[in-house]
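Now for the letters of each chain:
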Amino acid sequence: VQLVESGGGLVQPGGSLRLSCAASGFTFSTYGMSWYRQAPGKERELVAGISSTGGRTNYADSVKGRFTISRDNAKNTVYLQMNSLEPEDTAVYYCCARLLDYPPYWGRGTQVTVSS
């Protein structure tokens, strides 16, 4: 099983980034997918989640209206479009795959830094 995040980097406040998470080694289309983030000195927190079919999404209050999660089951990839980025969004962003109550799969993360 592999989850490989990409698309992170340094961006100015107000800018945009699109994160991608490429999955392999499991039946991607049956798993709910999520993005989490962890800032220095803080606990890992849920940013956004999407159901296996893409029909349902949920977001942390802090990113509602700015971030959009989506998935392409044909490409085994989940995305996180991040707009109007703020310094408070600076964190390592992790991709997570979850099926029912089984232990989730995690990626290694991609760094997002929002700074002028």
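Here, every reference points to the structure presented above.
Given the structure is predicted, the values throughout are model-derived calculations rather than measurements.

Enquirer: Help me get a handle on the sheet that holds strand β3 (residues 17-24), residues and values and all.
Expert: Ordered in space as β1-β3-β8-β7, the four strands form an open sheet in which the pairing is antiparallel. The strands lining the two open edges of the sheet, one partner per strand, are β1 (2-6) and β7 (67-72). Adjacent strand axes in the sheet meet at a mean angle of 15 degrees when their direction is disregarded. Pairing of β3 with strand β8 (residues 77-82), which is carried by six bridges, proceeds in the antiparallel orientation. Residue pairing for β8: Ser 20 is matched across the bridge by Tyr 79.

Enquirer: An account of the side chain of Arg 66 is requested, with residue identities and associated values reported.
Expert: Structurally, the position occupied by Arg 66 is in the loop between β6 (57-59) and β7. If near-sequence neighbours (up to four positions away) are discounted, Arg 66 is found in contact with Gln 81, Met 82, Asn 83, Ser 84, Leu 85, Glu 86 and Asp 89.

Reading the values: rules and limits
- The residue numbers shown here count from 1 along each chain, following its written sequence.
- With pLDDT at 70 or above as the cut-off, local features in this predicted model cover only qualifying residues; side-chain atom pairs require 80 or more to be listed or tallied, and sums for whole chains, interfaces and linings still use all residues.
- In computing side-chain properties, one takes all heavy atoms of the structure into account and sets aside hydrogens as well as water.
- Whether two strands pair comes down to DSSP finding at least two bridges between them.
- Per the convention used, a helix needs a DSSP run of H or I reaching at least four residues, while a strand needs a run of E reaching at least two, with both numbered from the N terminus.
- Every axis corresponds to a line fitted to the C-alpha atoms, with the helix fit spanning only the stretch in contact, and the corresponding angles, defined between N-to-C directions, vary from 0 to 180 degrees.
- In this description, contact between two residues means that some pair of their heavy atoms is separated by no more than 4.5 Å.

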